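Breakdown of the fold
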Amino acid sequence: MKRDLKINNKMQQKVRWLYVLLGIIIMMFLGTVYSYSVFRIPLEEEFQIGSTESGLPYMTSLAFYAIFMFLTGKYIEKYDPRMIILTGGLLVAVGWIMSSFATNIIMLTITYGCIGGAGVGIAYGAPMNVVAKWFPEKKGFAVGMVLIGFGLSPLITAPLARVLVESFGVMQTFLILGVCLSVLLPIVAFPLSYPRQIDIKQVEYDRGKVDETLNVQVYEMIRMRTFKGIYLNFVIGTMIGLMLIGSTVNIGVDYVGMDSKIVTQFMALFAIFNGLGRPIFGWVTDKLKPQKAMFLSYALILASSVLMLLWGKGNEIIFVISFSMFWFNLGGWLAIAPASTLKLFGIKYYTQNYGLIFTAYGFGAITGVSTTGGLLDATGNYDSIFYYVLILCILGIFLTTKFMRDNISKGV
């Protein structure tokens, strides 16, 4: 009998790590949306438009991604995760396929931005929820591992998309990628399932670290101080990350004096750091308190900003070190937020709770990108961006101190 239990336990350990691997692959497919920059110049030539118009589909896809992740949250627990992923994946595939027939940027914004972005938002939460249930003792680390696929996706999909655009043209590339997604996503999603109660019992973990009674609903969560702490800090973390990532090439060329091709080559390194930030900060949030993970992120961002202000101008080494940390910390916040949500509010209503918290990403994206442009227009100097980051970090440290209490088990 004991021997059978030991064999079953070993099988469950292998199965749950298989789910992590499948989750990474699914996220890599969904993260293809981040490779949009490859299409911008070809689309500008195809439709005879400027850079502002060519960015509309991408901005719209991010907005719909955040909105539909929130809307889907309350349904994920009610349906099989495979059905959720297949529904979202089908929308992504349809959006890409329909994009290949777009005749203007408005049509492309609807197909790629609205339809494709909605699909990403629908499917995004399901793989995270599956692995969180299979890893009750280290949910943050497991979720961070799955999210590494989303962060590293451009590292693989962007070069692939570039080759396809050069070989077949931009519109045909949308069709090829859409068809591939429609075939591959169902195959990868098919094995996923939530654990049964017997599966959980067979998985060895330290139950002393798992509060199985902590199940806070959305209406309770929004009244808690720690919700304000996570939400406001997530806005700040994504503001900093997205505005610096969006300015990486410009800062490298105009502020540091590097060749644009060299900066582009370093983007692969930055993407790796962005991906690594997710499991590492997920693990830190698991092992320590969310408060300490937030303090660590702000400390790294502060140090990187000071390096850029003091020695960054004309210094390629400082640029590479600092921007590796900036990208690393954006990935980190995309793990701190879900891991903190799990740790503070429990897993039963996790997808609903994190769906609401994830709207902070949308606010951070809009605010960060818009204020960066305003600062540069007003000052004409990239130093102003780094001073702005310093101010945001100090504000974030204050909010963390104010709202993220030690008594995190009750989320008060």
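All of these numbers come straight from a predicted model, not from anything done at the bench.

**Quick word on the overall build of the protein**
- The helix and strand inventory of the protein stands at 18 helices and zero strands.
- Relative to a compact globule of 412 residues, whose C-alpha radius of gyration would be 22 Å, the protein shows 21 Å and is just as compact.
- Referenced to the eigenvectors of the C-alpha coordinate spread, the extents of the protein come out at roughly 70 × 50 × 40 Å.
- Looking at the 412 residues of the protein, the share that counts as buried comes to 55%.
- Once local pairs closer than 6 in sequence are excluded, the contacts in the protein between residues at least 24 apart make up 84%.
- Accessible surface, the protein as shown: approximately 17,800 Å² in total, 67% of it carbon and sulfur.
- Computed over 32 positive and 22 negative side-chain charges, the separation of the two mean positions in the protein equals 14 Å.

**Side note on the side chain of Thr72**
- Position of Thr72 relative to the elements: it lies in helix 4 (residues 56-76).
- When its relative accessible area of 8% is taken as the criterion, Thr72 is described as buried.
- The contacts of Thr72, once residues within four sequence positions are left out, are Ile84, Gly121 and Ile122.

**Section: the environment of Tyr219**
- Turning to its location among the elements, Tyr219 is positioned in helix 10 (residues 218-221).
- Judged by relative accessible area, Tyr219 falls into the partly exposed class, the value being 48%.
- For the pair Tyr219 and Asn353, spaced 134 residues apart in sequence, the C-alpha separation works out to 9.2 Å.

**Concerning the nonpolar core**
- With 129 residues, the main nonpolar core has Phe39, Met128, Phe234, Met308, Phe319 and Phe323 as its most contacted residues.
- With 16 residues, the top contributor of residues to this core is helix 15 (residues 316-345).
- The contacts of Phe234, once residues within four sequence positions are left out, are Trp333, Leu334, Ala337, Tyr354, Ile357, Phe358, Ala360 and Tyr361.

**Considering the packing of helix 7 (residues 139-168) against helix 8 (residues 170-189)**
- Look at helix 7 against helix 8: their axes get within 7 Å of each other, and the N-to-C directions meet at 130°. Taken together, the axes of helix 7 and helix 8 are oblique relative to one another. The element helix 7 and its partner helix 8 pack so that their crossing is right-handed. Of the residues in helix 8, those in contact with Ala161, Leu164, Val165 and Phe168 of helix 7 are Val170, Gln172, Thr173, Ile176 and Leu177.
- The class makeup of the residues in the contact of helix 7 with helix 8 is seven nonpolar, two polar and no charged.

**Details of unusual backbone geometry**
- Positive phi values are uncommon outside glycine, yet Gln48 reaches one of about 55°.
- Tracing the backbone shows Gln48 in the loop between helix 2 (37-47) and helix 3 (51-54).
- Classification of Gln48 by relative accessible area gives exposed; the value is 67%.

**Observations regarding helix 2**
- Residues of helix 2 that are buried include every one of Val38, Phe39, Pro42, Leu43 and Phe47, and no others. Considered in projection along helix 2, the buried side chains sweep an arc of 120° and stay on one side of the axis. In helix 2, the exposed positions that point more than 90 degrees away from the buried face belong to Ser37, Ile41 and Glu45.
- Looking at the buried side of helix 2, the elements it contacts are helix 5 (81-99), helix 6 (105-134), helix 7 and helix 8.

**Things to note about the environment of Ala63**
- You can see Ala63 is positioned in helix 4.
- You can call Ala63 partly exposed: its relative accessible area is 36%.

**Some points on the confidence of the model for the protein**
- For the protein, the mean per-residue pLDDT works out to 85, and 90% of the residues sit at or above 70.
- In the model of the protein, helix 9 (residues 197-202) stands out as the element of lowest mean pLDDT, 55, in contrast to helix 14 (residues 290-312), which has the highest, 96.

**Focus on the packing of aromatic side chains**
- If you walk through the whole model with that rule in mind, you get 31 aromatic pairs.
- Look at Tyr255 and Phe386: their rings are 5.8 Å apart centre to centre, the planes differ by 55°, and that puts the pair in the tilted class. Of this pair, Tyr255 sits in helix 12 (residues 248-255) while Phe386 sits in helix 18 (residues 383-403), and the two are 131 residues apart along the sequence. For the pair shown, Tyr255 and Phe386 are each scored as buried.
- Connected via pairs of aromatic rings, a cluster forms that spans Tyr255, Phe266, Phe270, Phe319, Phe323, Phe326, Trp327, Tyr382 and Phe386.

Calculation notes
Residues numbered from 1 in each chain as written. Predicted model: local features only at pLDDT ≥ 70, side-chain atom pairs only at ≥ 80, totals over all residues. Heavy atoms only, no water. Helix = DSSP H or I, 4+ residues; strand = E, 2+ residues; numbered from the N terminus. Rg over C-alpha atoms; globule rule 2.2 N^0.38 Å. Buried < 20%, exposed > 50% of the residue type's maximum accessible area, 1.4 Å probe, protein only. Contact = heavy atoms within 4.5 Å. Areas by Shrake-Rupley, 256 points an atom, 1.4 Å probe, with all protein chains shown as cover. Lys, Arg positive; Asp, Glu negative; His and termini not counted. Charge placed at Lys NZ, Arg CZ, Asp CG, Glu CD. Core = buried A, V, L, I, M, F, W, Y, C linked by side-chain atoms within 4.5 Å. Axes fitted to C-alpha atoms, helices over the stretch in contact; angles between N-to-C directions. Parallel < 35°, antiparallel > 145°, perpendicular 65-115°, else oblique. Left-handed = near helix turned anticlockwise from the far one by under 90°. Nonpolar A, V, L, I, M, F, W, Y, C, P; charged D, E, K, R; others polar. Arc of directions from axis to C-beta. pLDDT = per-residue confidence, 0-100. Phe/Tyr/Trp six-rings, centres within 6.5 Å; stacked < 30°, edge-to-face > 60°.

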